[in-house]
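Here's the letter readout for the chains.
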Amino acid sequence: MDLSSEYTLSTQLLSDGEPVRCVTIHNNTAPASLELLSGSQGGIVSRFTLPDQDAVKKPSADGAGAVLDIQPGGANTRHPHQITAILSSASVVPSPAKLVPSIYITGCKDGNIRVMDGNTHELKFVLEGHSNAVTSLSWIPSFDASGDPWLVSGSWDGTAKIWDVVSQFQKNTDSGSGCCVETIAGHENTVSVAGLPAESSTSRKVVTVSAGVAEGNVIRGHTVRIWRLTPPSSSGSDVKSDLLSSVANDHSGPMRDVCYDAETNAIYTCSNDGTVKIRSAEDGKCKTTLAYPGDTPMLLSVCVVGDWQTKAVVAGAEDGNVVVWDISNSNNGQNREAQVIGHTGCVWKVSPLGNGDFVTACNDGHIRTFTRNPELTASPDILRAFQEAVTAAQSARSSGPSAEEISKLPKWEMNALTQGRSEGQVQVFQKDGKAIAAQWSSSSRTWIEVGEVTGTNANAGTLNGKSYDHVLPIEIDVPGGGVQKLQIGYNNGENPFVTAQQFIDEHMLDQNYLPQIADYIRQRAGESGPTLGGGNAAAPTIYEPEPNGPTPMETEPTLAYAHLPMKGYKTFDAGIDKKGLTKVVQKIREFNSSVTSNQLSPNESEDLLDSLSITLATTNRYHSSTVSAAELAIIHKMITHWDAAHSFPALDLARMVVLHPDASKGERKGYWSDVLGGALALCTGLGGNIVKEVAVPMLTMRLVANSYKGGSGSLGAAEGLVDTILDCAEACAPSDNKNVRLAVATVVLNVSSNMYTSSLASSSTAIRVLDVVGTIVGCGKYEPEAIVRSLVALGTILLLPGECGSEVKRIAKERGIGSMLERVATGHGEIGDAVATEIQLVLAQ
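Residues numbered from 1 in each chain as written. Predicted model: local features only at pLDDT ≥ 70, side-chain atom pairs only at ≥ 80, totals over all residues. Heavy atoms only, no water.

Comments concerning the overall build of the protein chain
So the rule is basically this: For helices the rule is a DSSP run of H or I covering at least 4 residues; for strands it is a run of E covering at least 2, with both sets numbered from the N terminus onward. We call a residue buried when its accessible area falls under 20% of the maximum for its residue type, exposed when it is over 50%, and partly exposed in between, using a 1.4 Å probe and counting protein chains only. By definition, residues are in contact when any of their heavy atoms lie within 4.5 Å. Here the accessible surface of atoms and residues is derived via Shrake-Rupley with a 1.4 Å probe, and residues count as covered only by protein chains that are part of the display.
Within the protein chain, the secondary structure is distributed over 19 helices and 37 strands. In the protein chain, which comprises 845 residues, the share counted as buried stands at 55%. Counted over contacts in the protein chain with a minimum sequence separation of 6, partners at least 24 positions apart contribute 60%. As displayed, the protein chain offers around 34400 Å² of accessible surface, 49% of which is attributable to carbon and sulfur atoms.

Set out below in structure tokens:
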């Protein structure tokens, strides 16, 4: 049969309506059908059964002729989080592999792997062991029919795990206990995996690739590793893994997926740098690089389709495209231009169908099959409708603002209520039914009109009242399932790592997200700007109207503040390196020899302190490293049993330890309650000397401030001790030392931020914050940065919702906060003045 040189849409199928994150072929019944399985962001498996594609009656692109079964295993198979990987026994290499039972396996963002019966679709058992999302699954074939294939999984936790899942399934058990036979640790963040052909009956192979870690402003360390897996002996139970070869940093961005093709005997990796590399299956070295034509998006998935005469490499991209490179023999070595197939949303997964066709999983909730067989191509009407939908989606990202979008912009007549943050900041307003851009003049403290916004780049917009060259969507997993949809603003020329860190601080996110967010910004941020009638500025955000919501004319305008409220936590993280830790440990050992009781044992003062220091200094491994209970016990002993004259190095060490995610995790809340309580007791125990002392007050306040940014354990401990914390902060507030004063202001800031972003706000605690801020301001000692933090804390509690916020505002007015602000803002810089102005606006509401 003659095949077209390019792929065309064959079938388009809607799943459960949620974004589709993964898809696989799963033929387990009649051979005259094609069965597909998909996993969605909503945690649902969908099964699609299509008639034989060689039959006369084939499904059309709108799904006619196909059978859709959502949650074929029943409601109890609903996953608690999005399904990020799916693998079927149909993809086990058929020969010489052993005939395996019909099963399929899902990887979920809850860190668990679920094994399903391929015929009944019921959940058989769950494989636990990964500590973060499972994002990659593959089979590792045996050498011959005498052995079962193994499952390999890759996760965000920096590990790959080997599972003897087929043997476990055949035992007809409902438990996955003992199924994991090896854990391959030490990867750089997210791991993707692919099985390789076995070397012999006693040796199998697997390839793993990693996403890399942040080193300064560059993501490095993304590495291809090839491993030999030695099955257990008759007396052993675990598989042994040995590293055969590795290749690092030959992509210029994190690797996102890997696959193996038997005919070419090659490994294929795709990356955020927009390339696919074809590698030797022996040592992983790159033989050929396939580059995305045009602007380079992040490539999220890769597969190989077809035979020698039709072979092609297919990759799915975050920008809503699929790219196909022809590497077949029929190409005669010519560099045929890559084919780009547009979609209406991000393409999360591409997967081969075995007949040279492939299927895509798209963020718009559809899976689509593509073919080069003219007889399987969708009708002209369907093709035209699909192309129109793609064109419309692309146009929506590059057109100017609509009338409805313009109506939601702040009115030009009210521009005096919107204060600029810096010289030259761009803001978009509505004026006479048009969107106009204006720039902020710090000298005149006014907006200066620049021109009409007549178009925009794909990403430009406004966020929290500020215009950016790029407003990018980011989805963050939240505890208990679900996704938090956020946006990040970025301007051309800024450092993406700085922007990413500010975003993490603002939204109190896991620090391990830093390299992913920074690299995402670098890939999405282009250099082109919007087109204006008389200048250059960014365009407005494209708003989505809420269903059945009020029209813009029915809503009351709300003020957008540049500095209020505080939604993140400030920390003290200096010294978390080898040099700083060495000084702290040396001082602890010096004091240990002079305390009269509760001395550290030789093992505690030497081995355990050294191992803890190494863990803390290796910050790029925080996502996978752990802090033992024995190491934490050292800090507990010193803070709760040593006196103030000897315990301050322990306070400094605790300040560093609490920022480690494992050390401050939820189950350690009781530990941190003891440690924080002990530290606060040491500080308040200084009595009247607290104003003159430096080390204990400063380090206690820094420890408390960092506890809010630590894990849920330290945060929960701080929340439970908030009244004691504020009492101690107020006692320390008039300190003669500026470092103590900054630490006090930071504690008050973090307390207010926690109250605003949690459900723990109470009028009594908010009033205590007001008291402490009053002491800070009244002592007249504070420097500009400390004053700004204190004022932001004040403004944040004034914005507390409901009766609590109203009560605090009432008391603030009674205390004459307005007049105090006019006095305080003077001499404390432009930011201090801006924050004071915003607080005045809050009080005026």
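Details of the pattern of salt bridges
Heads up, the condition is: Each salt bridge in this description consists of a side-chain nitrogen of Lys or Arg and a carboxyl oxygen of Asp or Glu lying within 4 Å of one another.
On inspection of all chains with the given rule, the structure shows 31 salt bridges. E604 is paired through a salt bridge with K637; the nearest N and O atoms lie 3.1 Å apart. With E604 in helix α7 (residues 602-617) and K637 in helix α8 (residues 629-641), this residue pair connects regions lying 33 residues apart in the sequence. Overall, E604 belongs to the buried group, its relative accessible area being 15%.

Concerning the sheet that holds strand β7 (residues 103-108)
The line we're drawing: The pairing criterion is simple: DSSP has to find at least two bridges between the two strands. Every axis corresponds to a line fitted to the C-alpha atoms, with the helix fit spanning only the stretch in contact, and the corresponding angles, defined between N-to-C directions, vary from 0 to 180 degrees.
Pairing is antiparallel in the open sheet, where four strands are placed in the order β6-β7-β8-β9. In this open sheet, the two edge strands, each paired with only one partner strand, are β6 (83-88) and β9 (123-127). Going from strand to strand, the sheet's axes swing by 20 degrees on average, the running direction of each strand aside. Across five bridges, β7 lies against strand β8 (residues 113-117) in antiparallel orientation. Bridge pairing links I105 to V115 in β8.

Observations concerning the pairing of strand β25 (residues 312-317)
In terms of burial, β25 is a largely internal element, six of the six residues being buried. Every second residue of β25 is oriented toward a common face, with A312, V314 and G316 on one face and V313, A315 and A317 on the other, all of them buried. Pairing of strand β24 (residues 299-305) with β25 involves six bridges; the strand directions are antiparallel. Bridge assignment links V304 to a residue of β25, and that residue is V313. Where β24 folds back on β25, the antiparallel hairpin that results is connected by six residues, among which G306 adopts a positive phi of roughly 85 degrees.

Points about the state of the cysteines
The test is simple: By disulfide we mean two sulfur atoms from cysteines, separated by a distance within 2.5 Å.
Following the criterion strictly, the structure yields zero disulfides and no others. For C179, which is in no disulfide, the shortest distance to another cysteine sulfur is to C180 and amounts to 7.8 Å. C683 provides the cysteine sulfur closest to C732, a residue in no disulfide bond, and the two sulfurs are 3.5 Å apart.

Side note on the sheet that holds strand β11 (residues 150-155)
The strands making up a sheet associate through backbone hydrogen bonding, with each pair oriented either parallel or antiparallel. Pairing is antiparallel across the open sheet formed by four strands, whose spatial order is β10-β11-β12-β13. Two strands lie at the open edges of the sheet, namely β10 (134-140) and β13 (180-184), each paired on one side alone. The sheet shows a mean angle of 20 degrees between the axes of neighbouring strands, direction not considered. Here β11 pairs with strand β12 (residues 160-163) via four bridges, running antiparallel. Its bridge partner being in β12, L151 is matched across the sheet by W163.

Things to note about the packing of helix α13 (residues 722-732) against helix α14 (residues 738-757)
Going by this rule: Working definition: roughly parallel below 35 degrees, roughly antiparallel above 145 degrees, roughly perpendicular at 65 to 115 degrees, and oblique for all remaining angles. Handedness of a crossing is defined here by the sense of rotation of the near helix relative to the far one, left-handed for an anticlockwise turn of less than a right angle and right-handed for a clockwise turn. In the scheme used here, Gly and all other residues not listed as nonpolar or charged are polar, with Ala, Val, Leu, Ile, Met, Phe, Trp, Tyr, Cys and Pro taken as nonpolar and Asp, Glu, Lys and Arg as charged.
Relative to each other, α13 and α14 sit at 150 degrees, their axes nearing to 10 Å. As judged from the angle between their axes, α13 and α14 are roughly antiparallel. Taken as a pair, α13 and α14 cross one another with a handedness that is left-handed. Here α13 contributes V722, I725, L726, A729 and C732 to the contact with α14, which in turn contributes V740, V744, V747 and V751. A per-class count over the contact of α13 with α14 returns nine nonpolar, no polar and no charged.

Notes on the packing of aromatic side chains
This is how it is decided: We call Phe, Tyr and Trp rings a pair once their centres come within 6.5 Å, taking the six-membered ring for Trp, and we label the pair stacked below 30 degrees between planes, edge-to-face above 60, and tilted otherwise. Only when the NZ of Lys or the CZ of Arg is both within 6 Å of the ring centre and within 35 degrees of the ring normal is a charge said to sit over the ring.
Overall, the coordinates contain seven aromatic pairs when judged by the stated rule. Over the face of the ring belonging to W348 we find R21, whose NZ or CZ atom lies 3.5 Å from the ring centre. In this arrangement the basic side chain of R204 is found over the ring face of W150, its NZ or CZ atom lying 3.9 Å from the centre.

Describing unusual backbone geometry
Backbone geometry places H121, a non-glycine residue, at a positive phi of 70 degrees. Take H121: it is sitting in the loop between β8 and β9.

A short note on the environment of E263
What counts is decided by this rule: Think of a polar contact as two N or O atoms within 3.5 Å of one another; within protein, one of them needs to be a possible hydrogen donor and the other a possible acceptor, and neighboring residues in sequence only count if both atoms come from side chains.
Note on placement: E263 falls in the loop between β20 (255-261) and β21 (266-271). For the pair E263 and W308, spaced 45 residues apart in sequence, the C-alpha separation works out to 7.5 Å. Apart from residues no more than four positions distant in its own chain, E263 is found in contact with G306, D307, W308 and K311. For E263, the side chain forms a polar contact with the side chain of K311, separated by 3.0 Å.

A closer look at the side chain of K124
As a reminder, the rule being used: When charges are counted, neither His nor the chain ends are considered; positive counts come from Lys and Arg and negative counts from Asp and Glu.
In this structure, K124 sits in strand β9. Despite being buried, K124 has no salt bridge partner; E122 is the closest side chain of opposite charge, sitting 4.0 Å away. Those residues in contact with K124 that lie beyond four places of it in its chain are V115, M116, D117, F169, N172, T173 and D174.

Re helix α17 (residues 802-814)
Since one α-helical turn is 3.6 residues long, residues separated by three or four positions face the same way. Quick reminder of the rule: Given the number of residues in a helix, its expected span is that number minus one, multiplied by 1.5 Å. This arc describes the spread of directions from the helix axis toward the C-beta atoms.
When the terminal C-alpha atoms of α17 are compared, their 19 Å separation across 13 residues agrees well with the 18 Å that a helix rising 1.5 Å per residue should span. Restricting attention to buried positions, one finds in α17 the residues C804, G805, V808, K809, I811 and A812. Burial along α17 is one-sided: seen end-on, the buried residues are contained in an arc of 165 degrees. When the buried face of α17 is taken as reference, the exposed residues oriented beyond 90 degrees from it are G802, E803 and E814. Remark: G816 follows α17 within two positions and exhibits a positive phi of approximately 70 degrees.

A few points about the packing of α14 against helix α16 (residues 784-798)
The description of two helices packed together rests on the angle between their axes and the distance between the axes. Interhelical geometry of α14 versus α16 gives an angle of 20 degrees and a closest axis separation of 8 Å. Relative to α16, α14 is oriented roughly parallel. In the crossing of α14 with α16, the sense of the turn from one axis to the other is left-handed. Along its contact with α14, which presents R741, L742, A745, T746, V748, L749, S752, S753 and Y756, the element α16 presents E785, A786, R789, S790, V792, A793, T796 and I797. Here the contact of α14 with α16 is built from residues that sort into nine nonpolar, five polar and three charged.

Structural notes on the side chain of S735
As for its placement among the helices and strands, S735 is situated in the loop between α13 and α14. Taking relative accessible area as the criterion, S735 reaches 0% and is therefore assigned buried. Setting aside residues up to four positions removed in sequence, S735 forms contacts with V691, E693, V740, R741 and K781.

Topic: the environment of V747
Turning to its location among the elements, V747 is positioned in helix α14. Distance in space between the C-alpha atoms of V747 and K570 is 8.4 Å, their sequence separation being 177 residues. With residues near it in sequence (within four places) discarded, V747 still touches M701, V704, A705 and I725.

A short note on the confidence of the model for the protein chain
Where we set the bar: pLDDT measures how confident the predictor is about each residue, on a scale from 0 to 100.
Mean pLDDT over the protein chain works out to 82, with 82% of the residues at or above the 70 mark. Within the model, pLDDT remains below 50 along residues 54-59, and this stretch shows 15 contacts once partners closer than five positions in the same chain are excluded. Predicted confidence for residues 526-559 stays below pLDDT 50, and this span has 68 contacts to residues more than four positions away or in other chains.

Focus on the environment of F370
Within the fold, F370 resides in strand β30 (residues 366-371). The exposure class of F370 is buried, given its relative accessible area of 1%. Taking the C-alpha atoms as reference points, F370 and E6, 364 residues apart in sequence, are found 9.6 Å from one another. Setting aside residues up to four positions removed in sequence, F370 forms contacts with Y7, T8, L9, S10, I341, H343, D357, F358, T360 and F386.

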